[in-house]
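Below are the chains, spelled out letter by letter.
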Amino acid sequence: MSSCIFCSIVAGDIPSKKIYEDEHTYAFFDISQVTKGHALVIPKHHHENLFDLPESELTSVYQSVQKVAHALKEAFSPAGLNLVNNNGQAAGQTVFHYHVHLIPRYDVTDGFGAKWEEHGSEYTEEKFEEMRVDVLKKLSN
Ligand code: AMP
Ligand code: ZN
């Protein structure tokens, strides 16, 4: 059995509440059910996080994300849906096999919430420009 819990799920060595599968991806209900219908979409191949995921797999994963999102919307009639993808321990990742959380939203007390502090006032125009140049340099490589 793989040491990765999600690889073991894909291999069928660990049971899961499967809701979708195709050649490249697998989707199942998250055991924690933060809200009703909380699901995970994963690539079948092991890639740790967004930075390791090949482009072709990224495309497959997000095609499945949209497919499953439509199904969750039709099945449970949520008022909205959050996509969450934690990359790295510091970002809250606990299972190091790439996955996208689909969290149907019903109301503000439904069990999910992301802290969203406003810090824009701490960034001057010059600081923003410096940051923009830093990123542009990396993207033009
Ligand atoms: P993250 O914190 O973004 O790495 O999310 C990992 C998620 O995997 C958590 O929400 C867990 O509840 C979920 N999880 C861990 N083990 C299982 C499992 N065996 N079946 C379904 N979900 C799982
Ligand atoms: Zn894995």
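Here the residue numbering is sequential within each chain, running from 1 through the sequence in written order. Chain letters start at A and ligand numbers start at 1, both assigned in the order the entries are written. Given that the model is predicted, a residue must reach a pLDDT of at least 70 before its local features are reported, and side-chain atom pairs must reach 80 or more before they are shown or counted; all residues, however, enter totals for whole chains, interfaces and linings. Hydrogen atoms and water are omitted, and side-chain values are computed over all heavy atoms in the structure.

- In the nomenclature of an unreviewed UniProt entry, the chain corresponds to HIT family protein from the organism Alkalicoccobacillus gibsonii.

1. Details of the nonpolar core
In step 1: Core analysis: the largest hydrophobic core is formed by 12 residues, namely A27, A39, V41, L53, V61, V65, V68, A69, L72, Y98, V100 and L102.
In step 2: Secondary structure elements are defined from DSSP: runs of H or I of at least 4 residues count as helices, runs of E of at least 2 residues count as strands, and each element is numbered from the N terminus. Counting only elements with at least two residues in this core, the list comes to β3 (39-43), α2 (55-76) and β5 (100-105).
In step 3: Considering every element that reaches this core, the biggest residue donor is α2, with five residues.
In step 4: Residue contacts are defined here by distance: any two heavy atoms, one from each residue, within 4.5 Å place the two residues in contact. Among all residues touching V41, those that are not within four sequence positions of it are Y26, A27, V61, S64, V65, V68, Y98, H99, V100 and L102.
In step 5: Only buried residues count toward a nonpolar core, which is a set of Ala, Val, Leu, Ile, Met, Phe, Trp, Tyr and Cys residues joined through side-chain atoms within 4.5 Å. Three exposure classes are used, based on accessible area relative to the maximum for each residue type with a 1.4 Å probe and protein chains only: buried under 20%, partly exposed in between, and exposed over 50%. Core analysis: the next-biggest nonpolar cluster, separate from the first, contains nine residues, F6, Y26, F28 and V95 among them.

2. Some words on the pattern of salt bridges
In step 1: Just to be clear on terms, a salt bridge is a Lys or Arg side-chain nitrogen sitting within 4 Å of an Asp or Glu carboxyl oxygen. In the structure shown here, the tally under the stated rule is six salt bridges.
In step 2: Two residues, K44 and E21, come together in a salt bridge whose shortest N-O distance is 2.8 Å. Linking K44 in the loop between β3 and α2 with E21 in strand β1 (residues 18-21), this pair joins segments that are 23 residues apart in sequence.
In step 3: Among the residues examined, K44 registers a relative accessible area of 21% and is labelled partly exposed.
In step 4: The class of E21 is partly exposed, set by a relative accessible area of 35%.
In step 5: Note that K127 and E130 form a salt bridge whose closest N and O atoms lie 3.6 Å from each other. Pair noted here: K127 and E130 are both in helix α3 (residues 125-139), with a separation of three residues, about one helical turn.

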